[in-house]
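Listed here are the chains, written in short residue letters.
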Protein chains: 2
Amino acid sequence: MVGVMNAAVDFPLTRPELAFTASGDALVRRTVLPNGLRILSEHMPGSRSATIGYWVAVGSRDEQPATADRPATFGSTHFLEHLLFKGTPSRSALDIAVAFDAVGGEHNALTAKEHTCYYAKVRDRDLPMAVDVITDMLTSSLLDPDEFENERGVILEELAMMDDDPGDVANERFFERVLGEHPLGRPIGGHPQSIIDVGRDAVVAHYRANYRANDVIVTAAGAVDHDALVAQVSGALVQAGWPADAVAAPVARRTLAPAAIVGGSPLSVVHRPTEQVHLQIGGAGLIAGDERRFAMSMLNSILGGGMSSRLFQEIRERRGLAYSVYSFAGSYSDAGVFGLAAACSTAKAATVAELMLAELHRLAEHGVTDEELSRALGQLSGASALALEDSDSRMSRLGRAELTLGEFIDLDESIRRLQSVGQDDVQQLAQHLAAQPITVSAVGAVDEDTFAPIIAGVR
Amino acid sequence: MVGVMNAAVDFPLTRPELAFTASGDALVRRTVLPNGLRILSEHMPGSRSATIGYWVAVGSRDEQPATADRPATFGSTHFLEHLLFKGTPSRSALDIAVAFDAVGGEHNALTAKEHTCYYAKVRDRDLPMAVDVITDMLTSSLLDPDEFENERGVILEELAMMDDDPGDVANERFFERVLGEHPLGRPIGGHPQSIIDVGRDAVVAHYRANYRANDVIVTAAGAVDHDALVAQVSGALVQAGWPADAVAAPVARRTLAPAAIVGGSPLSVVHRPTEQVHLQIGGAGLIAGDERRFAMSMLNSILGGGMSSRLFQEIRERRGLAYSVYSFAGSYSDAGVFGLAAACSTAKAATVAELMLAELHRLAEHGVTDEELSRALGQLSGASALALEDSDSRMSRLGRAELTLGEFIDLDESIRRLQSVGQDDVQQLAQHLAAQPITVSAVGAVDEDTFAPIIAGVR
């Protein structure tokens with residue numbers, strides 16, 4: 001284990017592959033094991049707990065349709081995430097659950113479009129346990145056939161639960177319609193039929209292909225000693241028979257470049273006999289590497305980011321038309337979305353949709369005030385500062401930096417970049433967004449005719 | 001202002017009215033202003049932010065039906081909570097929103113059955129601003145007639161949103177059926193018709209009757225200096241023309257004694273064309289002051305508190321019948337509820353309901369193991385330790401202590417009380433709960449016949 005530690009490569013903070021700014025809020029170290037597994041940690045002085053995440057660079061977008069010699073893998077990323085909790089040769093599903101419950105730790109996982117993450121938040125003394133259990137889950141899952149069938153039922157229940165949530169459905173359909181045939185347009189959990197169809201062989205193959213040491217990034221924040229963490233992870237890998245000293249380079253990051261969007265469509269209406277209509281309106285946004293992402297944060301704050309935002313003030317405060325109204329942006333390696341969202345009574349749906357779009361166009365035509373810009377800067381920097389008090393946020397920040405951008409930006413640097421955003425930057429971005437083909441996604445007691453004037457107006 | 005400070009009464013930690021344990025995790029101070037307003041704070045060394053809450057001891061249970069000389073006040077507590085964000089003589093609604101947005105603070109309020117709380121989380125330097133704004137909102141709301149009508153629309157949208165959430169509906173109906181005619185059985189936000197009916201006069205009267213200095217408790221945790229906080233609050237009260245030195249005693253706490261439950265009923269089925277059925281099954285629980293509340297925490301952890309709990313293991317892990325399954329307990333001054341909850345496909349609803357009840361009865365008949373008891377202790381103490389890293393949790397703990405129990409219990413003391421819970425305590429409590437009249441609340445594509453065998457079996 002000591003040998004493994006010595007073999008680890010500890011990059012200095014200035015190494016170009018992952019740039020660390022020198023300013024004050026972060027104390028970050030990064031080690032790449034010879035087998036390609038990366039470990040990043042951020043020590044938070046005074047903290048008595050830690051959050052640790054194991055990130056695997058595989059998400060729902062990486063699933064594939066069937067070919068002549070291989071079945072479809074749709075839904076298998078999320079299926080796999082569930083199965084990893086179901087046992088290894090040395091731990092039953094109950095053992096895994098007990099390990100974290102017995103110390104009052106939080107322990108969960110999430111599947112996203114471009115990654116899967118297994119994480120835990122525990123008291124400092126329980127961090128070695130968390131490393132042992134999560135490493136075991138990731139490296140040595142049994143994917144037991146009986147558990148596989150049982151879990152199929154649980155996942156179908158999870159999808160049914162999401163299908164009963166009109167906001168979730170509106171969002172899934174929004175992605176499908178905006179992104180068309182792009183793999184990022186597919187729902188993360190798959191469709192129920194793909195879960196019914198997927199076989200254990202496909203999930204096993206997905207596991208073997210995507211869960212290798214050089215696919216994995218471990219990030220931790222809080223009461224973490226980096227050298228001890230590297231030793232613990234290395235030891236757990238040896239325990240698992242995943243040789244920590246087999247030589248491999250970390251897998252390459254996804255290329256950050258916009259893909260062409262093919263087959264997007266302007267309207268999705270899911271009729272439901274609900275009180276409210278859930279609306280999402282928007283179109284293509286920015287990719288994760290887009291230089292305009294800081295302008296996007298400012299725009300999003302001004303347009304729909306808080307109680308003083310334009311959408312909230314116009315639609316809720318001045319007109320009383322909705323309880324929930326906001327804007328959102330999602331960015332991925334080669335595509336992104338930007339949208340306006342609200343939930344309101346059926347009779348108000350067309351009006352709310354028109355008013356939301358009008359606010360986007362007003363931003364594009366008339367821009368923002370200096371006061372709005374400085375308020376947005378205050379909001380984003382204050383909220384980030386508050387968030388970074390939790391080790392969860394810092395753990396996630398490290399994961400996103402290593403997984404997506406290859407650049408670590410601490411709070412001071414991100415405030416500096418936000419400060420450099422001017423009125424023109426926000427207005428030009430608003431013009432760009434307003435010029436995209438517009439998609440309306442609605443779930444509720446409405447039909448396609450409700451939105452025909454909007455669709456006609458913007459096409 | 002200094003005079004006001006000097007006039008404040010600073011209770012020593014041993015004052016019997018609010019007992020503070022001496023052990024390590026808390027540094028709590030309590031001041032009662034001459035006008036009866038209470039201020040409690042807990043300093044967290046090293047923290048750079050603070051959470052502050054203004055608690056008013058009025059909730060939905062305090063609303064009244066119409067009398068000969070007064071209209072009904074149903075829904076007015078929650079209505080008032082919304083209106084307090086709508087402006088004062090010195091701040092418009094936008095000013096209030098901007099104040100917090102401009103510093104990236106969190107700012108919100110919640111109405112509960114026995115209290116209303118206005119709270120904010122901000123960086124240390126912004127705490128004086130939070131005190132000024134929230135004090136102004138609480139003391140000097142305009143309750144402007146135009147804003148009143150506008151906000152009626154917003155609240156109706158909020159109720160519609162909740163009505164579209166099958167889990168929320170199942171829970172509201174569960175309370176209504178378990179608690180019968182008790183005022184705690186009513187939904188917090190009122191029914192839509194009560195919001196349509198309530199007039200501004202009733203809400204104004206509700207405001208004047210319940211928002212006086214001696215109804216209010218200010219609690220803060222994090223980067224808080226108690227003396228400075230007392231000075232800030234006192235100064236803001238003077239500014240508001242709420243004389244900080246008018247003499248009044250704090251209003252009495254609610255009496256902690258069980259009320260008779262009249263008119264509870266065994267079954268509520270709301271038919272909805274959803275994929276899943278949301279189920280809540282249970283009955284009367286413990287009041288907030290019940291000595292068995294620590295046994296209840298242990299029981300709840302063992303039965304349905306985590307991935308290793310009996311409900312999770314039996315219904316999700318072994319049988320794959322549900323994605324979400326857990327138990328819950330709610331305690332109030334003179335009544336409480338205890339329930340088992342799950343969401344599952346329609347065809348499984350009767351089975352899941354039976355299995356959940358069977359687990360409660362198994363607990364009552366056969367008790368718990370020592371291993372389960374020690375795991376529950378580890379879970380509750382570990383989770384509490386993690387939660388108390390956030391100033392939000394400590395702010396809330398202070399509010400609940402002052403509002404409900406009149407006793408402050410720090411982490412060490414609560415662990416001590418949990419440790420004193422034995423196998424017999426949990427089993428006897430399970431027997432007590434299992435012997436209560438059982439109510440089933442279901443929302444989904446089911447009808448009353450689905451649950452007839454269960455109702456017949458337990459009655």
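Residue numbers run consecutively from 1 along every chain, following the written order of its sequence. Labels are handed out in written order, letters beginning with A for the chains and numbers beginning with 1 for the ligands. In keeping with the predicted nature of the model, local features appear solely for residues at pLDDT of at least 70, side-chain atom pairs appear and are counted solely at 80 or more, and the whole-chain, interface and lining totals rest on all residues. Side-chain measures here rest on the full set of heavy atoms in the structure, leaving out hydrogens and waters.

Q: Hey, could you run me through unusual backbone geometry in this one?
A: Phi is mostly negative for residues that are not glycine, and the peptide bonds are mostly trans. At Leu143 of chain A, a residue that is not glycine, the phi angle is positive and equals roughly 45 degrees. Here a helix means four or more residues in a row that DSSP labels H or I, a strand means two or more in a row labelled E, and each is numbered from the N terminus. Relative to the helices and strands, Leu143 of chain A is located in the loop between α4 (127-139) and α5 (145-163).

Q: Where do I start with the relation of the copies chain A and chain B in this structure?
A: Both copies of the chain are related through a single rotation about an axis accompanied by a shift along the same axis. The two copies are related by a screw motion: chain A maps onto chain B through a turn of 180 degrees and a shift of 0.0 Å along the axis, at an RMSD of 0.0 Å. Here the copies are linked by what is in effect a two-fold axis. Residues are treated as being in contact if the distance between any of their heavy atoms lies within 4.5 Å. Take the interface residues of chain A: 100% of them recur as interface residues in chain B, which is what a same-surface contact looks like. A least-squares superposition brings the copies together, and it is based on the C-alpha atoms of residues with pLDDT no lower than 70 in both.

Q: Would you mind showing me how to read the pattern of salt bridges here?
A: Working definition: two side chains of opposite charge can pair if their charged atoms are close together. The salt bridge definition used is simple: a Lys or Arg side-chain nitrogen within 4 Å of an Asp or Glu carboxyl oxygen. Counted by the stated rule, this structure contains 63 salt bridges over all chains. A salt bridge links Arg292 of chain B to Asp290 of chain B, with the shortest nitrogen-to-oxygen separation between them at 2.8 Å.

Q: Explain the pairing of strand β12 (residues 336-345) of chain B here, please?
A: Residues and elements named next belong to chain B. Burial within β12 is extensive, with 9 of its 10 residues counted as buried. Pairing of strand β10 (residues 276-284) with β12 involves 9 bridges; the strand directions are antiparallel. Bridge pairing in β12 links Gln276 to Ser345. For two strands to count as paired, DSSP must find a minimum of two bridges between them. Bridge count between strand β11 (residues 324-331) and β12: 8 bridges; the pairing is antiparallel. Bridging across to β12, Tyr326 finds its partner in Ala341. Remark: 4 residues form the turn of the hairpin made by β11 and β12, two consecutive strands paired antiparallel. Three exposure classes are used, based on accessible area relative to the maximum for each residue type with a 1.4 Å probe and protein chains only: buried under 20%, partly exposed in between, and exposed over 50%.

Q: How do you make sense of helix α9 (residues 226-239) of chain A when you look at a structure like this?
A: Structural remark: α-helix, 3.6 residues per turn; residues separated by three or four positions point the same way. All names here are of chain A. Helix length check: α9 (14 residues) gives 20 Å between terminal C-alpha atoms against 20 Å at 1.5 Å per residue, within 8%. Buried within α9 we find His226, Leu229, Val230, Ala231, Val233, Ser234, Gly235, Ala236 and Leu237. Positive backbone phi, approximately 75 degrees, marks Gly241, located one or two places after α9. For a helix, the expected span equals 1.5 Å multiplied by the residue count minus one.

Q: Whenever I open this one, the sheet that holds strand β9 (residues 267-271) of chain B confuses me. Can you help?
A: Pairing between sheet strands relies on hydrogen bonds along the backbone, with the strands arranged either parallel or antiparallel. Residue and element names in this part refer to chain B. What the 5 strands build is an open sheet, ordered β9-β14-β10-β12-β11; its pairing is mixed. At either end of the open sheet lies a strand with only one pairing partner, and these are β9 and β11. Each neighbouring strand pair of the sheet contributes to a mean axis angle of 15 degrees, computed without reference to strand direction. Both β10 and strand β14 (residues 439-444) contribute to a ladder of 5 bridges, which runs antiparallel. Residue pairing across strands places Gly282 opposite Thr439, the latter belonging to β14. Every axis in this analysis is a line fitted to C-alpha atoms, fitted for helices over the stretch in contact. Angles between the N-to-C directions lie between 0 and 180 degrees.

Q: Explanation requested: helix α14 (residues 391-405) of chain B in the structure shown.
A: Here α14 of chain B is 15 residues long and its end C-alpha atoms lie 20 Å apart, about the 21 Å a rise of 1.5 Å per residue gives. Along α14 of chain B, the residues that are buried comprise Ser391, Arg394, Met395, Arg397, Leu398, Gly399, Ala401, Glu402 and Leu403 of chain B.

Q: For this particular structure, what's the right way to read the UniProt feature "domain: Peptidase M16 N-terminal" (unreviewed entry) in chain A?
A: UniProt positions are given in the numbering used here, feature names are shortened, and annotations may be inferred rather than shown by experiment. UniProt annotation of "domain: Peptidase M16 N-terminal" (unreviewed entry) refers to residues 38-189 of chain A when read in the numbering used here. Structurally, residues 38-189 of chain A is divided into 41% helix and 18% strand, and its ends, taken at the C-alpha atoms, are 27 Å apart.

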